[in-house]
Amino acid sequence: MVSYWYLILAAMVAFVFGAITLRRRSGSKVIWEAPPQSGAAHEAAIADPELLAMLQQEQLIGAIKRYRQLTGVGLKESKEAVEALQRNLSGS
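Residues numbered from 1 in each chain as written. Predicted model: local features only at pLDDT ≥ 70, side-chain atom pairs only at ≥ 80, totals over all residues. Heavy atoms only, no water.

### As for the overall build of the protein chain
Scanning the protein chain from terminus to terminus reveals five helices and zero strands. Reading the protein chain from its N end, one meets helices and strands in the order α-α-α-α-α. Expressed as a percentage of the 92 residues in the protein chain, the buried residues total 17%. Here the protein chain displays about 7,400 Å² of accessible surface, and carbon together with sulfur accounts for 62% of that area. (Helix = DSSP H or I, 4+ residues; strand = E, 2+ residues; numbered from the N terminus. Buried < 20%, exposed > 50% of the residue type's maximum accessible area, 1.4 Å probe, protein only. Areas by Shrake-Rupley, 256 points an atom, 1.4 Å probe, with all protein chains shown as cover.)

What follows is the structure, encoded as structure tokens:
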């Protein structure tokens, strides 16, 4: 009877270890990319000459800060929007 408890305990430990390992491996994958922001604030921001100049000079951090000032959105949203704008500008 006692050996079954050790077997169950070992199985539970292996399960938890496997779950933790799997989570660490899959944590860096990009599953979904958010679409660029839309709206009046976004439209005004992407037409801002200062923001466009920063993107042309490849000053990404400054461009993200400027986008945040103009729109009031968070850092993650600003970064995604500026990167999308940069991709669109470099593609055209």
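### Quick notes on unusual backbone geometry
Phi is positive for E58, close to 60°, though the residue is something other than glycine. Structurally, E58 can be placed in the loop between helix 3 (49–56) and helix 4 (60–71). For E58, a relative accessible area of 66% corresponds to the exposed category.

### Looking at the pattern of salt bridges
Pairs can form between side chains of opposite charge once their charged atoms are near each other. In this structure the tally under the stated criterion is three salt bridges. Linked through salt bridges whose partners overlap, the residues forming this network are D48, E50 and R66. (Salt bridge = Lys/Arg side-chain N within 4 Å of Asp/Glu carboxyl O.)

### Quick notes on the nonpolar core
Core analysis: the biggest nonpolar cluster contains ten residues, these being A45, L51, M54, L55, A63, I64, Y67, A81, V82 and L85. Elements represented by at least two residues in this core include exactly helix 3, helix 4 and helix 5 (75–91). Excluding residues that lie within four positions of it along the chain, L85 makes contacts with I46, L51, L52 and L55. (Core = buried A, V, L, I, M, F, W, Y, C linked by side-chain atoms within 4.5 Å. Contact = heavy atoms within 4.5 Å.)

Read these as geometric descriptors, not functional statements.
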